[in-house]
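# Geometric and topological summary
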Amino acid sequence: TAVRSQMKVRYNPLRPNRFAYYGATHGRFAGMTSVVTAPKLITSTLACSVLDPIDQTVRQLNQFQPEILAGYPSALADLAMKSIGGDLSIQPHYILSAGEVLTQTNAALIKKAFGFQPVDSYSSSECMNMALQRSDGPGLSLMEDECIVEILGDVNLPVDPGESGRVVLTNLNNRVMPIIRYDMRDMVTRGYRKDQEPFEPIQSIDGRANDALPIRSATGGRDTIHPLVLSEFFVPGIKKFQFIAKSPEEIVIRYNASEEM
């Protein structure tokens, strides 16, 4: 596939763009909300759940043929593998990564499959547009017209450029339920602001990087369990837990439980 240096969202006034989202679809998540509320006159949408078998998602995408593809970077990387393997046959002209850390490995895999780099973004249910990939280099620009993002250290003071800190968010647009100085529990590295750069940059998003858990299904095929599913795992009395894949057939669960168990 020829590598395209640039991606653009193309709008045809006579036909809606086909937009596919691959992420969490089973709750009131920001990504799913954007799919449901997308204007129908300019966008035709398809929502694919990361909880469904990936072969089912591949069939849906092959039939839908999205022009715009968005989702979790780990999920997009799974689709990239299916594309490289020949099962997935789509040619999106814009790919948006959101909801997780976009690793260099996943970015390279997506580029290999589809011919261009995905656009990285930092978004959440608390604020849809927190940061977007810088056009002139690595890192992301904070959308300071949408939100106030404080990057704080251990003593609750702003960190210096190049240092890592936790994100504290104030959403400037949510009038129904204001979010003021909400601790996101995300870790980012503050960037170096260039002269006359309009928005504060972040060098990288460091926290909440999780890998999908490889498994073998009951029919013998290989599949994965998305980290989103594991994050909802709940057993009364268990304080912390860890899933370790020894092989697709063997998974070890380590846990820290209360004394009552």
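First, a word on scope: everything that follows refers to the structure included in this document. (Residues numbered from 1 in each chain as written. Predicted model: local features only at pLDDT ≥ 70, side-chain atom pairs only at ≥ 80, totals over all residues. Heavy atoms only, no water.)

Our focus in this paragraph is the overall build of the protein chain. In terms of helices and strands, the protein chain carries 5 helices and 15 strands. Counting only residues that meet the buried cut, the protein chain has 41% of its 261 residues in that class. Total accessible area on the protein chain is roughly 15600 Å²; 52% of this is exposed by carbon and sulfur atoms. (Helix = DSSP H or I, 4+ residues; strand = E, 2+ residues; numbered from the N terminus. Buried < 20%, exposed > 50% of the residue type's maximum accessible area, 1.4 Å probe, protein only. Areas by Shrake-Rupley, 256 points an atom, 1.4 Å probe, with all protein chains shown as cover.)

One full turn of an α-helix is made of 3.6 residues, so residues set three or four places apart face in the same direction. The end-to-end C-alpha distance of helix 3 (residues 73–84) is 16 Å, a good match for the 16 Å that 12 residues give at a rise of 1.5 Å each. The buried fraction of helix 3 amounts to 9 of the 12 residues, a majority that puts the element mostly inside the structure. Residues Pro 73, Ser 74, Ala 75, Leu 76, Ala 77, Leu 79, Ala 80, Lys 82 and Ser 83 constitute the buried set of helix 3. Against strand 1 (17–23), helix 2 (54–64), strand 3 (68–71), strand 4 (94–97) and helix 4 (104–114) lie the buried residues of helix 3. (Expected span 1.5 Å × (residues − 1). Contact = heavy atoms within 4.5 Å.)

Judged by side-chain polarity, Phe 241, Ile 251, Ile 253 and Tyr 255 come together as a nonpolar surface patch covering roughly 360 Å² of accessible area. In terms of residues, the nonpolar patch owes the most to one element, strand 15 (residues 250–257), which gives 3 residues. Looking at the secondary structure, you find Phe 241 in strand 14 (residues 238–247). Overall, Phe 241 belongs to the partly exposed group, its relative accessible area being 31%. (Patch = residues over 30% accessible without salt bridge, like charges linked within 9 Å, V, L, I, M, F, W, Y side chains within 5 Å. Salt bridge = Lys/Arg side-chain N within 4 Å of Asp/Glu carboxyl O.)

Before going further, it helps to examine the sheet that holds strand 3. A sheet is described by the order of its strands in space; here 11 strands give the open sequence 2-1-3-4-5-6-7-11-10-9-8, paired in mixed fashion. A strand with exactly one partner marks an edge of an open sheet, and here the two such strands are strand 2 (43–49) and strand 8 (147–152). In this sheet, neighbouring strand axes are inclined to one another by 35° on average, regardless of whether the strands run parallel or antiparallel. Across 3 bridges, strand 10 (residues 182–190) lies against strand 11 (residues 201–205) in antiparallel orientation. Its bridge partner being in strand 11, Thr 189 is matched across the sheet by Ser 204. Sheet strands touched by helix 3: strand 1, strand 3 and strand 4. Its angle to strand 3, the strand with the most contacts, is close to 130°. (Pairing = 2+ DSSP bridges. Axes fitted to C-alpha atoms, helices over the stretch in contact; angles between N-to-C directions.)

The phi torsion at Asn 156 lies on the positive side, around 60°, for a residue other than glycine. Following the sequence through the fold, Asn 156 ends up in the loop between strand 8 and strand 9 (164–171). A positive phi is found at Arg 181, a non-glycine position, where the angle reads about 50°. Note on placement: Arg 181 falls in the loop between strand 9 and strand 10.

Bridge count for strand 12 (residues 213–216) against strand 13 (residues 222–225) is 4 bridges, and the pairing is antiparallel. Looking at strand 13, one finds that Arg 216 is bridged to Arg 222. Adjacent in sequence and paired antiparallel, strand 12 and strand 13 are bridged by 5 residues, among which Gly 220 carries a positive phi angle near 100°.

Spatial relationships are all this shows, so hold off on functional conclusions.
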